[in-house]
Amino acid sequence: EDQVTQSPEALRLQEGESSSLNCSYTVSGLRGLFWYRQDPGKGPEFLFTLYSAGEEKEKERLKATLTKKESFLHITAPKPEDSATYLCAVQMMDSSYKLIFGSGTRLLVRP
Amino acid sequence: GAGVSQSPSNKVTEKGKDVELRCDPISGHTALYWYRQSLGQGLEFLIYFQGNSAPDKSGLPSDRFSAERTGGSVSTLTIQRTQQEDSAVYLCASSLGQGAREQYFGPGTRLTVT
């Protein structure tokens with residue numbers, strides 16, 4: 001069964017304390033892996049797409065990496081405004097391009 | 001430019017009533033998706049449109065759910081005879097087309113069935 005698992009479920013960081021979020025997946029064939037940010041009461045906001053193992057993408061304090069079994073979202077020197085739920089999703093080769101989402105990691109960055 | 005818009009933003013309905021949720025995708029996006037996000041659960045795929053056709057309806061939870069898209073643009077998700085378990089946030093997304101392309105989400109419609 002195709003699955004996406006995110007850990008931890010929740011993470012509290014002090015401002016400036018770097019950390020990583022994990023997304024592990026078991027799918028039959030990966031077309032792409034996506035990271036989104038979701039603020040309360042809003043729709044998910046696109047962050048990154050990764051297509052192949054070894055690929056990395058960066059945006060401000062965020063860096064996403066991909067291996068054959070998992071992806072990491074590294075947050076360097078986070079700020080309170082980085083507080084949100086971070087969602088990972090995969091798209092399979094034999095799918096209709098739908099996204100299969102993990103349950104997300106709730107990040108709280110304290111000043 | 002304008003993003004994906006959805007209306008209404010909130011809908012409260014009585015059990016057994018029908019509801020219609022609307023999605024306006026980003027101009028030029030040919031692919032459109034509906035997802036559902038229930039409290040404490042992840043986003044769940046419902047249906048996918050390419051143009052006006054729906055090649056994948058596999059996520060619709062029951063025959064009370066239907067969707068259509070007209071003119072390759074606006075889409076409507078209809079839920080007939082609503083049940084309390086239909087309460088959720090319904091999210092619409094659009095993308096430029098098929099393939100591993102980014103999907104851009106609207107703000108969602110929060111549906112509450114009393």
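To start, this report covers the structure provided alongside it.

What counts as what
- Residues numbered from 1 in each chain as written.
- Chains lettered and ligands numbered in written order.
- Predicted model: local features only at pLDDT ≥ 70, side-chain atom pairs only at ≥ 80, totals over all residues.
- Heavy atoms only, no water.
- Helix = DSSP H or I, 4+ residues; strand = E, 2+ residues; numbered from the N terminus.
- Rg over C-alpha atoms; globule rule 2.2 N^0.38 Å.
- Buried < 20%, exposed > 50% of the residue type's maximum accessible area, 1.4 Å probe, protein only.
- Contact = heavy atoms within 4.5 Å.
- Areas by Shrake-Rupley, 256 points an atom, 1.4 Å probe, with all protein chains shown as cover.
- Lys, Arg positive; Asp, Glu negative; His and termini not counted.
- Charge placed at Lys NZ, Arg CZ, Asp CG, Glu CD.
- Pairing = 2+ DSSP bridges.
- Axes fitted to C-alpha atoms, helices over the stretch in contact; angles between N-to-C directions.
- Disulfide = S-S within 2.5 Å.
- Core = buried A, V, L, I, M, F, W, Y, C linked by side-chain atoms within 4.5 Å.

Topic: the overall build of chain B
Right, on to step 1. Within chain B, the regular secondary structure consists of zero helices and 11 strands.
Right, on to step 2. N-terminal to C-terminal, the α/β element order of chain B is β-β-β-β-β-β-β-β-β-β-β.
Right, on to step 3. The C-alpha radius of gyration computed for chain B amounts to 13 Å, which stays within 12% of the reference 13 Å derived for 114 residues, consistent with globular compactness.
Right, on to step 4. A principal-axis box enclosing the C-alpha atoms of chain B has dimensions of 35 × 25 × 25 Å.
Right, on to step 5. For chain B, buried positions account for 47% of its 114 residues.
Right, on to step 6. Pairs at least 24 apart in sequence give 54% of the contacts found in chain B among residues at least 6 apart.
Right, on to step 7. Within the structure as shown, chain B displays about 5300 Å² of accessible surface, and the carbon and sulfur contribution to it stands at 43%.
Right, on to step 8. Counting 11 positive and 11 negative side-chain charges, chain B places the centres of these two groups 2 Å from one another.

So, the pairing of strand E11 (residues 105-110) of chain A
Residues and elements named next belong to chain A.
Right, on to step 1. The alternating pattern of E11 places Thr 105, Leu 107 and Val 109 on a buried face, while none of Arg 106, Leu 108 and Arg 110, on the opposite face, is buried.
Right, on to step 2. The pairing of strand E2 (residues 10-14) with E11 spans five bridges and is parallel. Residue pairing in the sheet places Ala 10 in a bridge with Arg 106 of E11.

Observations concerning the sheet that holds strand E6 (residues 56-59) of chain A
Residues and elements named next belong to chain A.
Right, on to step 1. Strand order in this open sheet of five strands is E1-E3-E8-E7-E6, and the pairing throughout is antiparallel. The outermost strands of the open sheet, each flanked by one partner alone, are strand E1 (3-7) and E6. Geometrically, the sheet is characterised by an average inter-axis angle of 15° between neighbouring strands, direction not taken into account.
Right, on to step 2. Looking at chain direction, strand E3 (residues 19-26) and strand E8 (residues 70-75) are connected through six bridges and run antiparallel. Within E8, the residue paired with Ser 19 across the bridge is Ile 75.

Some words on the state of the cysteines
Right, on to step 1. For the structure on display, the rule yields two disulfides over all chains.
Right, on to step 2. Across the disulfide from Cys23(A) sits Cys88(A); the S-S distance is 1.9 Å. Sign of the S-S torsion, about -60° for the bond between Cys23(A) and Cys88(A), identifies this disulfide as left-handed. Taken together, the residues span a long stretch of sequence, with Cys23(A) in strand E3 and Cys88(A) in strand E9 (residues 84-92) at a distance of 65 residues.
Right, on to step 3. Judged by its relative accessible area of 0%, Cys88(A) falls in the buried class.
Right, on to step 4. Paired through a disulfide, Cys23(B) and Cys92(B) show a sulfur-sulfur distance of 1.9 Å. Judged by the torsion about the S-S bond (-65°), the Cys23(B)/Cys92(B) disulfide is left-handed. Within this pair, whereas Cys23(B) is found in strand E3 (residues 19-24), its partner Cys92(B) is found in strand E9 (residues 88-95), the two being separated by 69 residues in sequence. Comparing Cys23(B) with Cys92(B) shows no difference in burial state: the two are buried.

Structural notes on the sheet that holds strand E8 (residues 75-79) of chain B
Residue and element names in this part refer to chain B.
Right, on to step 1. The sheet built from four strands is open, its strands ordered E1-E3-E8-E7 with antiparallel pairing. This sheet does not close on itself; its edge strands, each paired only once, are strand E1 (5-7) and strand E7 (65-69). Between one strand axis and the next, the sheet turns through 15° on average, direction left out of account.
Right, on to step 2. Examined bridge by bridge, E3 and E8 share five bridges and lie antiparallel to one another. Across the sheet, the residue bridging to Arg 22 is Thr 76, located in E8.

Some points on the nonpolar core
All names here are of chain A.
Right, on to step 1. Ranked by size, the top nonpolar core spans 25 residues in total, and within it Leu 33, Trp 35, Leu 73 and Tyr 86 carry the most contacts.
Right, on to step 2. Only E2, E3, strand E4 (30-38), strand E5 (45-50), strand E7 (62-66), E8, E9 and E11 provide two or more residues apiece to this core.
Right, on to step 3. Element by element, the count of residues in this core is highest for E9, at five residues.
Right, on to step 4. Dropping the residues within four chain positions of it, Leu 33 is found in contact with Cys 23, Tyr 25, Phe 48, Thr 49, Leu 50, Leu 66, Ser 71, Cys 88, Ala 89 and Val 90.

Keep in mind these values describe shape, not function.
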